[in-house]
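Breakdown of the fold
One-letter residues, chain by chain:
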Amino acid sequence: MKKRVLVTGGAGFIGSALIRYLVKRGEIKILNLDKLTYAGNLESLQEVADSGDYRFVHADICDAPSVKEALNDFQPHAIMHLAAESHVDRSIDGPSAFIQTNVVGTAVLLECATEYWRGLPESEDQSSTLSRARKSDFRFLHISTDEVYGSLGAEGLFREETHYDPRSPYSASKAASDHLLMAWHHTYGLPVLMTNCSNNYGPFHFPEKLIPLVILNALEGKPLPVYGRGDHVRDWLFVDDHAKALTLVLEKGAPGEKYNVGGNNERTNLQVVETICDTLDQLCPDYLQRLNLKSFRELITFVADRPGHDQRYAIDASKVRSKLGWSPEENFDTGIVKTVQWYLDNGWWWQPIRAKKYSGQRLGTK
Ligand SMILES: NC(=O)c1ccc[n+]([C@@H]2O[C@H](COP(=O)([O-])OP(=O)(O)OC[C@H]3O[C@@H](n4cnc5c(N)ncnc54)[C@H](O)[C@@H]3O)[C@@H](O)[C@H]2O)c1
């Protein structure tokens with residue numbers, strides 16, 4: 001009998017990559033619970049939508065009755081919690097949605113999950129048509145960010161023990177949700193796991209985030225905005241590598257433990273933008289000709305910095321590597337070529353988003 005996993009936020013960037021990976025692997029049944037905010041897109045799941053191992057329920061994690069109904073109906077062996085408001089710039093313009101979903105929503109989900117988990121049998125129940133999970137096998141995996149650790153100087157790495165020092169409304173809301181998770185583990189014994197990862201990139205990434213924004217602006221001959229001097233450093237993780245790490249943590253991680261996941265690919269934002277330009281120069285000289293440019297680098301435009309912009313994030317991922325045997329397959333140079341090529345080949349996915357949902361305007365200046 002296949003295990004069942006409830007994924008929240010599965011219509012988002014990372015959630016959809018995770019579901020595509022799990023369904024293709026074929027050992028798990030998935031229920032995707034998603035509110036379908038501006039960032040949720042069922043088109044990202046087109047290739048698995050007809051699989052008998054995948055189902056979707058349109059629900060808000062803040063809505064306890066809907067969450068309870070989904071849990072009781074689907075009887076999951078595990079929850080992978082990715083639903084969130086995820087864009088730092090939007091958290092500057094409107095923090096309350098971040099508090100509501102990331103903090104209140106996570107608390108609601110934890111309460112519902114705890115009630116459900118307490119009702120599970122001690123041993124596997126094969127008496128009904130749907131075999132129920134054993135209480136001791138149940139897991140709640142919460143997906144968080146390295147941004148909860150604050151900002152680094154030129155040296156050092158975030159480790160699992162690094163003190164929390166969130167500095168944007170987004171990271172503060174994620175930090176709060178991380179603390180709730182651990183409180184539920186220590187207080188109620190809920191078997192939780194947590195991951196804190198660095199910046200993801202790859203296919204199906206909503207084009208408000210740096211990498212897809214730059215690719216699509218470049219293809220349209222628009223300015224490529226670089227905040228401040230472009231010297232802020234991020235570690236970049238290819239989203240499919242992240243999906244594999246999350247699966248390993250779910251299956252092999254120790255309850256109550258957290259795992260940092262990073263790609264070991266530090267780049268300044270300016271380096272990222274220049275690499276995208278150079279990749280586009282190689283892959284689509286016809287666009288250059290049409291736009292009357294010698295290189296896409298000519299479109300790079302420095303703009304006012306993000307308020308409170310953290311200087312550097314970098315992850316020490318040695319725990320997930322040594323304890324669980326994870327290692328990323330892509331480095332930034334290979335992953336970025338795949339990503340750029342994906343956007344060149346998949347206008348059907350991003351063109352409606354650029355036309356109807358978000359066309360690239362500056363966010364986060366309030
Ligand atoms: N993208 C990154 O680089 C990154 C890095 C570190 C951590 N994370 C974390 O990983 C998770 C997924 O990130 P992402 O980039 O895929 O985000 P995303 O914004 O692309 O997707 C979020 C998904 O959650 C759904 N959602 C939002 N509010 C909801 C609610 N109240 N109820 C149910 N569904 C809701 C949205 O519809 C969307 O499908 C988030 O928790 C985020 O904090 C992301």
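Further up the page is the structure itself.
We now turn to the structure provided with this report.

Cut-off values and rules
Residues numbered from 1 in each chain as written. Predicted model: local features only at pLDDT ≥ 70, side-chain atom pairs only at ≥ 80, totals over all residues. Heavy atoms only, no water. Near = heavy atom within 4 Å. Polar contact = N/O pair within 3.5 Å; in protein donor to acceptor, adjacent residues only side chain to side chain. Areas by Shrake-Rupley, 256 points an atom, 1.4 Å probe, with all protein chains shown as cover. Helix = DSSP H or I, 4+ residues; strand = E, 2+ residues; numbered from the N terminus. Nonpolar A, V, L, I, M, F, W, Y, C, P; charged D, E, K, R; others polar. 1 Å grid on protein atoms, 1.4 Å probe; cavity = no way out; pocket = protein on both sides within 12 Å on 5 of 7 lines; lining within 4 Å. Points joined across faces, edges and corners; volume = space filled by probe spheres on them. Pairing = 2+ DSSP bridges. Axes fitted to C-alpha atoms, helices over the stretch in contact; angles between N-to-C directions. Phe/Tyr/Trp six-rings, centres within 6.5 Å; stacked < 30°, edge-to-face > 60°. Buried < 20%, exposed > 50% of the residue type's maximum accessible area, 1.4 Å probe, protein only. Lys NZ or Arg CZ within 6 Å of the ring centre and 35° of its normal. Salt bridge = Lys/Arg side-chain N within 4 Å of Asp/Glu carboxyl O. Disulfide = S-S within 2.5 Å.

Thoughts on the site of the ligand
Of all residues adjacent to the ligand, which total 28 residues, the nearest are Ile14, Asp34, Ser86, Tyr170 and Lys174. Measuring from an oxygen atom of the ligand, one finds a backbone N or O atom of leucine 82 at 3.2 Å. Note that an oxygen atom of the ligand is positioned 2.6 Å from one of the side-chain N or O atoms of lysine 174. Summarising the interface, the protein chains cover 96% of the accessible area of the ligand, which totals 840 Å² for the free molecule. When contributions to the shell around the ligand are tallied by element, the ones reaching two or more residues are helix H1 (13–25), strand S5 (139–145), helix H5 (169–188) and strand S7 (199–201). For the shell around the ligand, the element with the most residues is S5, which contributes 3 residues. Taken together, the residues of the shell around the ligand break down into 13 nonpolar, 11 polar and 4 charged.

Remarks on the layout of surface pockets
Roughly 250 Å³ of internal volume is contained in the second largest pocket. Lys3, Val5, Arg25, Glu27, Ile28, His77, Ala78, Asp137, Arg139, Leu250, Glu251 and Gly253 are the residues that line the second largest pocket. Residue assignment for the lining of the second largest pocket shows that the elements contributing at least two residues are strand S1 (3–8) and helix H7 (239–252). When grouped by side-chain class, the residues that make up the lining of the second largest pocket number 4 nonpolar, 2 polar and 6 charged.

Brief notes about the sheet that holds strand S10 (residues 258–261)
An order of S3-S2-S1-S4-S5-S6-S10 is seen for the 7 strands of this open sheet, with the pairing classed as parallel. The two strands at the open ends of the sheet, each matched to only one other strand, are strand S3 (54–58) and S10. Here the strands of the sheet are splayed against their neighbours by 20 degrees on average, with no regard to which way each runs. As paired elements, strand S2 (residues 28–34) and S3 share 5 bridges and run parallel to each other. Paired with leucine 31 across the bridge in S3 is arginine 55.

Here's the deal with the packing of aromatic side chains
Applying the stated criterion to the full structure yields 16 aromatic pairs. With a centroid separation of 5.2 Å and 55 degrees between ring planes, the pair formed by tyrosine 201 and phenylalanine 332 is classed as tilted. On the criterion of sequence distance, the pair formed by tyrosine 201 in strand S7 and phenylalanine 332 in helix H11 (residues 332–345) is long-range, its members being 131 residues apart. A relative accessible area of 1% means that tyrosine 201 is categorised as buried. On the basis of relative accessible area, phenylalanine 332 is assigned to the buried category, the value being 0%. The rings of Tyr149, Phe158, Tyr164 and Tyr313 are connected pair by pair, giving a single aromatic cluster. Sitting over the face of the ring of tyrosine 259, lysine 319 holds its NZ or CZ atom 4.7 Å from the ring centroid. Above the ring of tyrosine 227, the side-chain terminus of arginine 362 is found at 4.0 Å from the ring centroid.

Digging into the pattern of salt bridges
Applying the stated criterion across every chain yields a total of 24 salt bridges. Salt-bridge contacts for glutamate 47 lead to lysine 24; the nearest nitrogen and oxygen are separated by 2.5 Å. Of this pair, glutamate 47 sits in the loop between S2 and S3 while lysine 24 sits in helix H1, and the two are 23 residues apart along the sequence. For arginine 312, the salt bridge is made with glutamate 266, and the minimal N-O distance between the two is 2.8 Å. With a gap of 46 residues between them, arginine 312 in the loop between strand S12 (300–303) and helix H10 (318–324) and glutamate 266 in strand S11 (residues 266–268) connect regions that are remote in the sequence. Overall, arginine 312 belongs to the buried group, its relative accessible area being 7%.

Some remarks on the state of the cysteines
Per the stated rule, a full pass over the model turns up 0 disulfides. Of all cysteine sulfurs, the one in cysteine 277 lies closest to cysteine 284, which takes part in no disulfide; the gap is 11 Å. Exposure remark for cysteine 284: the relative accessible area of 2% places this residue in the buried category.

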